[in-house]
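Notes for the structure review
Here is what each chain is made of, one letter per residue.
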Amino acid sequence: MSSSEDDQSSEDEFSDGEEDVLQAIFDAEDEEEEGEFEGFPIRLPENMNWTRTEFEANIEDYSLQCGPKENAPRQESALGYFQLFLENRLIEQITEFTNKNAVAKGAVDWKRTTTAEIKALLAVTIISNDLLVVPRDERYFLSGGNTSLFHTPGMRNIFSCRKRYFNLKKYVSFVDPEHEKTEDEARDVLYKIRNITRTINQKFFDLYNCHESVSVDEGMVPFKGRLKIKVRMPDKPVKYGIKLFMLCDSSNGYCKKFDVYVGSDERNAGNLGKTGKTVLNLLQGLENSHHRVYMDNFYTSPILFLAMKNIGLYGCGTVRNRKGFPMNELKAVQTRQRGDIAWLSWNGSMLALKWKDRKEIFALSTIHSSPVPRPAPRVRDIEDSGDEEGDDATVTRRVKERGQWRQLTISCPHLIKDYNKFMGGVDLHDQMTSVNKSKKQMRWYMRMFVKLLQMCVFNAYIIESHYKAHQGHGHRKRDLLSFKQELCIQLIGDFPSTHENSHKRRRSSNEYPERMDGVGEHMVCRGDGNDHRCAVCLKKQQEFMRMNRGVSKKDCPFKDRKSTFKCMKCNVYLCIGKEGSNCFVDYHSRLQYWL
């Protein structure tokens, strides 16, 4: 290996002039307007000599205050936090474009939609994605007596007309159908969703400061139809679909920024590579914030970490055999047992490491100092391990020795432990904003819109947690499900009873019991036997006795009559054609049928 003098010479080669070149990274895209983009103007030092020289990482403290910014103040409700991202202005645009799209496509008997109706559609979209899922949306409107077990009256109270609901889904649009596309817009794969994607992405970035540690990874929007930008990701829970590059908070999963993969970029990315270019695009605007950025081996490279450090950002991640990384030198060092470490440093600012677990793991970091020697592995019986807290630089593994499972404690560098701790931000966000893929969807941009909707909901939930404790003393935790339920109720509001296109005024779900729903299905039939009391007569008697406790049952004017007839749907025995009343009609037409 090279001496420390060689290290000093390599440090001189990476001169201030090179740093000036690095400063031009984000100016490169502006130069594209003047001429053809030629890639990021950055290169590695010619002699990047790695040595086993101990060093202390010199990194600056995080410079931002994490949490909502001043333009994201406290709100009174879940809807208020949600509309920090999806503003009324954007919903009004969707309403306008939907009406234009319906007219342009010749919709028959189309009645103009309103923002209230579009908000109700958004609520139903959230509900149907993960709150109340059915195999096909048609099943929300089941009304036959033989399918009563599967009825969802709450959904029909929002959209009483099935045709209207499916027409809204059919003609909803996020771009102006009357707008004539430019050449660039015609080539843009994301044109149908570009406007709303750009607006929401900017809101994510502007309203919240992440914690010190963030992570970069991929998320997926499920889609199996024909689409130019569809990718296959065999290691992801969603194997086929649209790929998103995401920058998320490692602590809570807040999505700070995302970029939709639109196919291979033909432009030359220079020595930085296309993956490095992707990372720097996500980090644009965070210069000199001193974030700790964690990523996997798809992105990590020495040249990327040099570029990041020059703009005040630090990186850590697993690594492949990238240019400038001392893979051969590290492989030459034997690591025979679990917990063994081999490492090299460059210029006192970058650490390359190999750690032996079940297999060898390679990592690179500008965050961590050189590792210190650790004790040899210790083996203990699992039943004897108890709740003992281990060193923060060790991990435990279950191993089988002589037919018995035992607990093995091995050393683990801080770099690996921090990577495992902070790398999951994107996976957490992708899990909490998953899109239901069980229903067939022909239009890819609708799947993308549902993903954006879910991302807005989750980010709003995170911002609310800074103003409202989600784990109160003596109270049940306010989870994402509770937040979604409250949001959907507020999005719907009083839409069913005030919308101008409603056929009739409908009661709310709290006032509209099952027995009064679809009265045409409540048919009379003869029951078994003749020893059944009428439900209405019995209820009248019980209510009278409750209100007049001093009166004996004999003096009660309401007698509990018997009946041999019942309702087929309700399976309730009722009087029919009794003198002075008709209990069957009262039961199905009056809310308080005992009065």
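Residues numbered from 1 in each chain as written. Predicted model: local features only at pLDDT ≥ 70, side-chain atom pairs only at ≥ 80, totals over all residues. Heavy atoms only, no water.

1. Structural notes on the overall build of the protein
Note the threshold: Where helices and strands are cited, they refer to DSSP runs of H or I of at least four residues and of E of at least two residues respectively, numbered from the N terminus. We call a residue buried when its accessible area falls under 20% of the maximum for its residue type, exposed when it is over 50%, and partly exposed in between, using a 1.4 Å probe and counting protein chains only. Two residues qualify as a contact provided that any one of their heavy atoms is within 4.5 Å of a heavy atom in the partner residue. Surface accessibility in these figures is a Shrake-Rupley result with a 1.4 Å probe; residues are shielded only by whichever protein chains are displayed.
Within the protein, the secondary structure is distributed over 21 helices and 16 strands. Relative to its 595 residues, the protein shows a buried fraction of 47%. Sequence separation of at least 24 residues holds for 67% of the intrachain contacts in the protein that already meet a minimum separation of 6. By element, 46% of the accessible surface of the protein is carried by carbon and sulfur atoms, the whole surface being about 31300 Å².

2. Considerations on the side chain of Ser-349
You can see Ser-349 is positioned in the loop between strand 9 (341-346) and strand 10 (350-356). What makes Ser-349 buried here is its relative accessible area of 14%. Non-local contacts of Ser-349, meaning those with residues more than four positions away in its chain, are made with Phe-55, Lys-309, Ser-365 and Thr-366.

3. Quick look at the pattern of salt bridges
The test is simple: Whenever a carboxyl oxygen of Asp or Glu lies within 4 Å of a side-chain nitrogen of Lys or Arg, that contact is scored as a salt bridge.
Enumeration over the complete set of coordinates arrives at 26 salt bridges. Residue Lys-169 is joined to Asp-137 by a salt bridge in which the shortest nitrogen-to-oxygen separation is 2.5 Å. Placement of Lys-169 in helix 8 (residues 162-171) and of Asp-137 in the loop between helix 6 (115-131) and helix 7 (153-158) is noted, with a sequence separation of 32 residues between them. Lys-169 sits in the partly exposed class, given a relative accessible area of 23%. Overall, the relative accessible area of 8% leaves Asp-137 in the buried class. Salt-bridge contacts for Arg-533 lead to Asp-560; the nearest nitrogen and oxygen are separated by 3.3 Å. In this pair, Arg-533 sits in the loop between strand 15 (524-526) and helix 20 (535-547) while Asp-560 sits in the loop between helix 20 and strand 16 (565-567), placing the two residues 27 residues apart along the sequence. It is possible to trace a salt-bridge network through shared partners that takes in Glu-96, Lys-100, Asp-176 and Glu-178.

4. Let's talk about the environment of Pro-135
Position of Pro-135 among the secondary structure elements: in the loop between helix 6 and helix 7. Remark: the alpha-carbon pair of Pro-135 and Lys-439, spanning 304 residues in sequence, is separated by 6.3 Å.

5. Here's the deal with a positive patch on the surface
The condition is simple: Patch membership requires over 30% relative accessible area and the absence of a salt bridge. Like charges are linked within 9 Å, and nonpolar side chains (Val, Leu, Ile, Met, Phe, Trp, Tyr) within 5 Å. His is not counted here, nor are the chain ends, while Lys and Arg score as positive and Asp and Glu score as negative. Taken as the charge location is NZ of Lys, CZ of Arg, CG of Asp or CD of Glu.
Together, Lys-224, Lys-230, Arg-232, Lys-239 and Lys-437 line one region of the surface with positive charge. Within the element layout of this structure, Lys-437 appears in the loop between helix 16 (425-432) and helix 17 (444-467).

6. Quick notes on the nonpolar core
For clarity, the cut-off: Each nonpolar core is a collection of buried residues, namely Ala, Val, Leu, Ile, Met, Phe, Trp, Tyr and Cys, held together in the definition by side-chain atoms within 4.5 Å.
Ranked by size, the top nonpolar core spans 112 residues in total, and within it Phe-159, Ile-193, Ile-196 and Met-308 carry the most contacts. Per-element accounting of this core gives the leading share, 15 residues, to helix 17. Apart from residues no more than four positions distant in its own chain, Phe-159 is found in contact with Glu-117, Ala-120, Leu-121, Val-124, Phe-141, Tyr-165, Leu-168 and Phe-495. Core analysis: the next-biggest nonpolar cluster, separate from the first, contains 20 residues, Tyr-314, Leu-353, Leu-415 and Ile-416 among them.

7. Examining empty space enclosed by the protein
Note the threshold: Of the two site types, the cavity is a set of points on a 1 Å grid over the protein atoms alone where a 1.4 Å probe fits but cannot get out, and the pocket is an open set with protein on both sides within 12 Å along at least five of seven lines, each lined by residues with an atom within 4 Å of a point. Grid points are joined across faces, edges and corners, and a volume is the space filled by probe spheres set on the points. Put simply, Ala, Val, Leu, Ile, Met, Phe, Trp, Tyr, Cys and Pro go in the nonpolar bin, Asp, Glu, Lys and Arg in the charged bin, and everything else, Gly too, in the polar bin.
Under the criterion given, the structure shown has one cavity of 30 Å³ or more. For the largest cavity, the calculated volume is near 30 Å³. For the largest cavity, the full set of lining residues is Val-124, Tyr-140, Phe-141, Met-155, Phe-159 and Tyr-165. Partitioning the lining of the largest cavity into residue classes produces six nonpolar, no polar and no charged.

8. Let's talk about helix 12 (residues 302-310)
Most of helix 12 sits out of view: eight of its nine residues are buried. Buried within helix 12 are the following residues: Pro-302, Ile-303, Leu-304, Phe-305, Leu-306, Ala-307, Met-308 and Asn-310. Once helix 12 ends, the next one or two residues include Gly-312, with phi positive near 80°.

Honestly, that's just the spatial picture; any functional story needs more than this.
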